[in-house]
Amino acid sequence: MDLGLGFDDEDLQVPHRSSKKNCEGLCYTVKIYQPEWFELALAKINEENQQSTFKLETDQVPHVYKMSGDIHYFKRNYKKASEQYLTALALLPENNVCVRQDLIESLSRSYMYLGKMDESYALAKNLVEEMSTLDEARQRQSLILLSFICISSRKWAECVDCLEKLCYLQPYYAHNWSQLGHSYEQLYNTESNFCDENVTLECQIKTLTCYIRAK
């Protein structure tokens, strides 16, 4: 039975393709922006009685403020970054949960680096409550932020509570167990003078268990 597996010369010839591409009729126009173009855009927005060269839709403005805050955060100008994040939050629609969470987290971290620990902690704690009814990924992200703020501000009891919830959501993530063990240890060292013998033993067992799980 002939399956026609033989090749003729024309079968091995590669058809010639022109290197020129016909771009006529394309409706896409490339826009070229300068680095940190959003800073210029904000300057134009804030200028009175002048036409901005950047035509921004209303829903784009909070994102521009966020990008400005991000670049100031990267430059460690946390005061300016926090101002931009606050403005972005005020302009952002409440139903934009994803960007809202990102903004609150960035603002909380900015406050922490500015030494405003109470404001930073309050934002992070409120964010955990706000995300508690949403999907697990958002809950986890908000708890990671709160644990970071608690460790930085040495709020060990609150940190233990937060990390216990994180370990429940991510039982196989060793880093959470390690941090929880460290927090138990710090809590024990801080409150050991006020604990009876049974509580002290329980805390030591919990600490050891966390470190074992982290291995």
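Residues numbered from 1 in each chain as written. Predicted model: local features only at pLDDT ≥ 70, side-chain atom pairs only at ≥ 80, totals over all residues. Heavy atoms only, no water.

Asker: If you had to explain the overall build of the chain to someone new, which residues and values would you point to?
Answerer: Scanning the chain for helices and strands turns up nine helices and zero strands. Helices (α) and strands (β) of the chain occur, in sequence order from the N terminus, as α-α-α-α-α-α-α-α-α. Expressed as a percentage of the 215 residues in the chain, the buried residues total 32%. In the chain, of all internal contacts separated by at least 6 residues, the share reaching a separation of at least 24 is 51%. Approximately 15200 Å² of the chain is accessible, and the part contributed by carbon and sulfur atoms is 52%. (Helix = DSSP H or I, 4+ residues; strand = E, 2+ residues; numbered from the N terminus. Buried < 20%, exposed > 50% of the residue type's maximum accessible area, 1.4 Å probe, protein only. Contact = heavy atoms within 4.5 Å. Areas by Shrake-Rupley, 256 points an atom, 1.4 Å probe, with all protein chains shown as cover.)

Asker: Tell me about the UniProt feature "repeat: TPR" (unreviewed entry) in the chain, residues and numbers included.
Answerer: Sites flagged by UniProt as "repeat: TPR" (unreviewed entry) map to residues 62-95. As annotated, residues 62-95 has a helix share of 79% and a strand share of 0%, and its two end C-alpha atoms lie 13 Å apart. (UniProt positions renumbered as here; feature names shortened; annotations may be inferred.)

Asker: Explain helix H6 (residues 136-153) to me, using residue names and the numbers behind them.
Answerer: Counted at 1.5 Å a residue, the expected span for H6 with its 18 residues is 26 Å, and the 26 Å between its end C-alpha atoms agrees. Within H6, the full set of buried residues consists of Ser 142, Leu 143, Leu 145, Leu 146, Ser 147, Ile 149 and Cys 150. Where H6 starts, the residue carrying a side-chain oxygen 3.2 Å from the main-chain nitrogen of Ala 137 turns out to be Asp 135. With its phi angle positive at about 60°, Arg 154 sits one or two positions after the end of H6. (Expected span 1.5 Å × (residues − 1). Polar contact = N/O pair within 3.5 Å; in protein donor to acceptor, adjacent residues only side chain to side chain.)

Asker: How would you sum up the environment of Gln 179? Please name residues and give values.
Answerer: With respect to the element layout, Gln 179 can be found in helix H8 (residues 174-191). Judged by relative accessible area, Gln 179 falls into the partly exposed class, the value being 22%. A sequence separation of 28 residues divides Gln 179 from Thr 207, and the C-alpha atoms of the two residues are 9.9 Å apart. Contacts of Gln 179, omitting those with residues within four sequence positions, involve Ser 147, Ile 151 and Leu 163.

Asker: How would you summarise the nonpolar core if you had to cite specific residues and measurements?
Answerer: In this structure, Leu 103, Leu 143, Leu 146, Ile 149, Leu 180 and Tyr 184 are the most contacted members of the largest nonpolar core, which totals 42 residues. Per-element tally for this core: the top contributor is helix H7 (residues 156-169), with eight residues. Of the domains in this structure, domain 1 (56-153) and domain 2 (156-214) are the two that each give at least three residues to this core. Leaving out residues up to four positions away in the same chain, Leu 146 has contacts with Tyr 121, Ala 124, Lys 125, Val 128 and Cys 162. (Core = buried A, V, L, I, M, F, W, Y, C linked by side-chain atoms within 4.5 Å. Domains from an automatic or database assignment.)

Asker: Mind laying out the side chain of Gln 84, listing which residues take part and the relevant values?
Answerer: Mapped onto the elements, Gln 84 comes out in helix H3 (residues 78-91). A polar contact of 2.8 Å, which involves the side chain of Gln 84, links it to the side chain of Ser 68. Discounting chain neighbours no more than four positions away, the residues touching Gln 84 are Leu 42, Tyr 65, Ser 68 and Gly 69.

Asker: So what about the pattern of salt bridges? Which residues, and what values?
Answerer: Tallied over the entire structure, the rule returns eight salt bridges. Across the salt bridge formed by Asp 70 and Lys 66, the nearest N and O atoms sit 2.8 Å from each other. With a gap of four residues between them, Asp 70 and Lys 66 both fall in helix H2 (residues 61-74), about one helical turn apart. A relative accessible area of 14% means that Lys 66 is categorised as buried. (Salt bridge = Lys/Arg side-chain N within 4 Å of Asp/Glu carboxyl O.)

Asker: Provide a residue-level description of unusual backbone geometry, including the pertinent values.
Answerer: Among all residues except glycine, the phi angle is most often negative; among peptide bonds, the trans geometry is most common. A positive phi is found at Arg 76, a non-glycine position, where the angle reads about 65°. In this structure Arg 76 comes out as exposed when scored by relative accessible area, which is 67%. Of note, the phi angle at Arg 154 is positive, near 60°, even though the residue is not glycine. Mapped onto the elements of the fold, Arg 154 is located in the loop between H6 and H7.

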